[in-house]
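Chain residues, written in single-letter form:
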Amino acid sequence: MRQQEYGVTVWFTGLSGAGKTTICQFVEKELRIQGYRVEVLDGDAVRQNLCKGLGFSKDDREENIRRIGFVAHLLTRNNVIVLVSAISPYREIREQVRQNIPYFIEVYVNASLEVCEQRDVKGLYKKARAGEIKHFTGIDDPYEIPLCPEVECKTNEESVVQSASKVLEKLEELQYCSVKNIRKFG
Ligand code: ADP
């Protein structure tokens, strides 16, 4: 295990199906191979545990993000690299979380609604279109795009490796890690 001087929260935001989980998993694996302490807070898993009982109203979504932000903050100050994957559709609460965590990088995982809907990884868009799920981000709930993300992954046009490399390179540029030979296989 490497001596890690700083922790950082890397916050992945974007529509369902945009690629947050996929990129997170790739980045996690790369960092672990390099010996870094990493934790992933994945929106779906968090909603089963830390945020069980919260729904998808604006208030509940904000509470969800606040709780994730709280845990991310604790881990970050203990020098862990925290990868958060959560739709987190509201800009204001994302900014609040950023203000509370001194070392913070926002990654906008950007794929058009059409592409996400075509992927429909979990079959949720189909259900949302059929009216079986209400308050679904992008369909009948808003998504506010980040204005100044440190990284933007355009997953419409990039491979997973290219998107993940952008994140790793930013972490390296800001000196949160030194990933030897980020496998530039993109
Ligand atoms: P989210 O976590 O944002 O809901 P997922 O990661 O579960 O999204 O699903 C994204 C889907 O898009 C996966 O099937 C993945 O293979 C595909 N995909 C295509 N290109 C990319 C890319 N550049 N980055 C991430 N995912 C991508």
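Everything here concerns the structure above.
So, here's what we can say about the structure.

The rules behind the values
- Residues numbered from 1 in each chain as written.
- Predicted model: local features only at pLDDT ≥ 70, side-chain atom pairs only at ≥ 80, totals over all residues.
- Heavy atoms only, no water.
- 1 Å grid on protein atoms, 1.4 Å probe; cavity = no way out; pocket = protein on both sides within 12 Å on 5 of 7 lines; lining within 4 Å.
- Points joined across faces, edges and corners; volume = space filled by probe spheres on them.
- Helix = DSSP H or I, 4+ residues; strand = E, 2+ residues; numbered from the N terminus.
- Nonpolar A, V, L, I, M, F, W, Y, C, P; charged D, E, K, R; others polar.
- Core = buried A, V, L, I, M, F, W, Y, C linked by side-chain atoms within 4.5 Å.
- Buried < 20%, exposed > 50% of the residue type's maximum accessible area, 1.4 Å probe, protein only.
- Contact = heavy atoms within 4.5 Å.
- Expected span 1.5 Å × (residues − 1).
- Arc of directions from axis to C-beta.
- Near = heavy atom within 4 Å.
- Polar contact = N/O pair within 3.5 Å; in protein donor to acceptor, adjacent residues only side chain to side chain.
- Areas by Shrake-Rupley, 256 points an atom, 1.4 Å probe, with all protein chains shown as cover.
- Sits in = over half its atoms within 2 Å of the grid points.

## Digging into the layout of surface pockets
What the largest pocket holds in volume is close to 780 Å³. As for the largest pocket, its lining consists of 38 residues, and the residues nearest its centre are Ser 16, Lys 20, Asp 44, Ile 87 and Lys 122. Taken together, the elements giving at least two residues each to the lining of the largest pocket come down to α1 (20-33), α2 (43-48), α3 (58-77), α6 (124-129) and α7 (160-173). Here the lining of the largest pocket is composed, by residue class, of 13 nonpolar, 15 polar and ten charged.

## Thoughts on the nonpolar core
Counting 32 residues, the largest nonpolar core has Val 10, Phe 12, Leu 31, Val 107, Val 167 and Leu 171 as the members making the most contacts within it. Residue assignment for this core shows that the elements contributing at least two residues are β1 (8-13), α1, β3 (81-85), β4 (104-110), α6, β5 (151-154) and α7. Those residues in contact with Val 167 that lie beyond four places of it in its chain are Val 10, Phe 12, Ile 23, Val 27, Val 107, Val 151 and Cys 153. Within the second largest apolar cluster, 17 residues are counted, among which are Leu 54, Ile 68, Val 84 and Phe 104.

## Concerning α3
When the terminal C-alpha atoms of α3 are compared, their 28 Å separation across 20 residues agrees well with the 28 Å that a helix rising 1.5 Å per residue should span. Among the residues of α3, Arg 61, Glu 62, Asn 64, Ile 65, Ile 68, Gly 69, Ala 72 and Thr 76 are the ones counted as buried. Buried residues along α3 cover an arc of 155° about the axis, so they all sit on one side. Counted as exposed and oriented over 90 degrees from the buried face of α3: Asp 59, Phe 70 and Arg 77. Packed against the buried residues of α3 are β1, β2 (38-42), α2, β3 and α4 (91-100). Phi turns positive one or two residues past the end of α3, at Asn 79, with a value near 65°.

## Remarks on the site of the ligand
Every one of the 17 residues lining the ligand counts as a neighbour, but Gly 17, Lys 20, Thr 21, Thr 22 and Glu 158 are closest to it. Within the contact set of the ligand, an oxygen atom lies 3.3 Å away from a side-chain nitrogen or oxygen of Arg 119. Within the complex, 80% of the 570 Å² of free accessible area of the ligand lies under protein. Structurally, the ligand is housed in the largest pocket. Those elements giving two or more residues to the shell around the ligand turn out to be α1 and α7. Looking at the shell around the ligand residue by residue, the classes come out as five nonpolar, eight polar and four charged.

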